[in-house]
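Chain residues, written in single-letter form:
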Amino acid sequence: MSAASAVGPKLPQQKRGLRRGSLTKEIIVAESLRLLDEGGTEGFSLPKLGRALGADQTAVYRHFARKDDLVLAIADRLIDESMAGFEPRDCWVDTLTEMARRVRETYCAHPAAASISAYRTTQGPAEIRAVDIIIGAILEAGFEGAQAARMYRAVGDFALYWAGCEAQFLALDREAQQHDRAAWTQAYLSVRRDEHPSIWQVRTELPEVKDDAIFESILSVVMTGLRQQAPKPCACHAPA
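Conventions adopted
Here, residues in each chain are numbered from 1, in the same order as that chain's written sequence. Note on the predicted model: pLDDT of at least 70 is required for a residue's local features to be given, and 80 or more for side-chain atom pairs to be given and counted; whole-chain, interface and lining totals, by contrast, use all residues. Calculated side-chain values reflect all of the structure's heavy atoms, with hydrogen atoms and water omitted. Any two cysteine sulfur atoms lying within 2.5 Å of each other are counted as a disulfide. Two joining distances apply to patches: 9 Å for like charges and 5 Å for nonpolar side chains (Val, Leu, Ile, Met, Phe, Trp, Tyr), and every residue must have over 30% relative accessible area and no salt bridge. For accessible areas, the Shrake-Rupley method is used with a probe of radius 1.4 Å. Any residue's cover is judged against the shown protein chains and nothing else. For this document, the term salt bridge refers to a Lys or Arg side-chain nitrogen within 4 Å of an Asp or Glu carboxyl oxygen. Put simply, DSSP marks the helices as runs of H or I at least four residues long and the strands as runs of E at least two long, and each gets a number from the N terminus on. By this rule the span expected of a helix is its residue count minus one, scaled by 1.5 Å. Partly exposed residues are those whose accessible area sits between 20% and 50% of the maximum for their type, while under 20% is buried and over 50% is exposed, using a 1.4 Å probe and protein chains only. Should any heavy atoms of two residues lie within 4.5 Å, those residues are considered in contact. Residues enter a nonpolar core if they are buried and are Ala, Val, Leu, Ile, Met, Phe, Trp, Tyr or Cys, with the set joined through side-chain atoms within 4.5 Å. Centres within 6.5 Å make a pair out of two Phe, Tyr or Trp rings, where for Trp the six-membered ring is used; the pair is then stacked when the planes are under 30 degrees apart, edge-to-face when over 60, and tilted otherwise. Put simply, a charge is over a ring when the Lys NZ or the Arg CZ is close to the ring centre, within 6 Å, and near the line of the ring normal, within 35 degrees. On a range of 0 to 100, pLDDT expresses the predictor's confidence in each residue.

## Details of the state of the cysteines
Under the definition given, this model contains zero disulfides. Among the cysteines around Cys91, which has no disulfide bond, Cys234 carries the closest sulfur, lying 3.0 Å off.

## A short note on a nonpolar patch on the surface
A cluster of nonpolar residues, Val209, Ile214 and Ile218, forms a patch on the protein surface that exposes about 210 Å² of accessible area. Within the secondary structure layout, Ile218 lies in helix H11 (residues 211-229).

## Quick word on helix H1 (residues 25-39)
Taking 1.5 Å per residue, 15 residues should reach 21 Å; H1 reaches 21 Å between its end C-alpha atoms and fits that length. Those residues of H1 not exposed but buried are Ile27, Ile28, Val29, Ala30, Glu31, Ser32, Leu33, Leu35 and Leu36. Buried positions along H1 lie against helix H2 (46-53), helix H3 (57-61), helix H4 (67-82) and helix H6 (111-115). Looking one or two residues beyond H1, the residue adopting positive phi is Gly40, at roughly 70°.

## A closer look at unusual backbone geometry
At Gln123, a position not held by glycine, the phi torsion is positive, near 60°. Secondary-structure assignment places Gln123 in the loop between H6 and helix H7 (125-140).

## As for the nonpolar core
In this structure, Leu70, Trp92, Leu96, Tyr107, Ile138 and Leu226 are the most contacted members of the largest nonpolar core, which totals 55 residues. Per-element tally for this core: the top contributor is helix H8 (residues 145-170), with eight residues. Filtering out sequence-adjacent residues up to four positions away, Leu226 remains in contact with Trp92, Leu96, Ile138, Phe143, Met151 and Val155.

## Quick word on the pattern of salt bridges
Per the counting criterion, the structure on display carries 15 salt bridges. Residue Arg66 is joined to Asp68 by a salt bridge in which the shortest nitrogen-to-oxygen separation is 3.9 Å. Arg66 sits in the partly exposed class, given a relative accessible area of 48%. By relative accessible area, Asp68 is classed as partly exposed at 26%. For the salt bridge of Arg101 with Glu216, the shortest nitrogen-to-oxygen distance reads 2.9 Å. Of the two residues, Arg101 sits in helix H5 (residues 92-109) while Glu216 sits in helix H11, which places them 115 residues apart along the sequence.

## Description of the packing of aromatic side chains
By the definition in use, this model includes two aromatic pairs. A ring pair is formed by Phe158 and Phe215, whose centres lie 6.4 Å apart and whose planes are at 10°; its orientation type is stacked. With Phe158 in helix H8 and Phe215 in helix H11, this residue pair connects regions lying 57 residues apart in the sequence. The class for Phe158 is buried, based on a relative accessible area of 14%. Take Phe215: its relative accessible area is 1%, and that puts it in the buried class. Taking NZ or CZ as reference, Lys25 lies 5.7 Å from the ring centre of Phe64, over its face. One Lys or Arg, Arg203, reaches over the ring of Trp200 and ends 4.0 Å from the middle of that ring.

## Some details on the confidence of the model for the protein
On average, residues of the protein score 90 in pLDDT, and 90% of them reach the 70 mark or higher. Every residue in residues 1-7 scores below 50 in pLDDT, and together they form 15 contacts with partners more than four places removed in sequence or on other chains. In this model residues 9-16 is a low-confidence stretch, pLDDT under 50, and it forms 15 contacts with partners more than four residues away in sequence or in other chains.

In structure tokens, the structure reads:
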């Protein structure tokens, strides 16, 4: 899925006012995502949203009783985008692995939106579909009952929280990001061997570690642990 995937219906070109009754939840969510993508969380407010829609902000309340309801709709839209065109794979390991990667890709494409919604439970159609697919893969692995529920939460929450945390970092302003990343080439690279011998041994390797490699390493650890505990381990991913 491309990071440039469409996030919803395009707004009419005329922004000075929408035709009465033409405003929909889908349009509101799509424009909210655009504002968050372009201006971050500071650029997102109901007055700004109303102006972008060419409508009074009270029009938004006719579709979303509270701003929090809109945030939940945005969260569900992100899940829907991550699941676009996805169908469960023949192998339950592949299903869970690809879903985790898709969530991360989508959240990193919309960091501001993900930073305010990744930890929420939307109860929306996209989330429910995703949950059903994850639980289906967990059941296919042989887990049952309470253990299946726990494993679902472990896998699902890992993907959401990891991707959400990465999105929160990407939602920071560029200066803050650069400051944090520079730590590996400044503070950690210059440690003294006699004071911090463990850091010193890998001080030159730390700046070379990339976000993709970190994610894939953790994902591998999670999936390896799940395969080891699964009553029906996946044969196609068995160690050679």
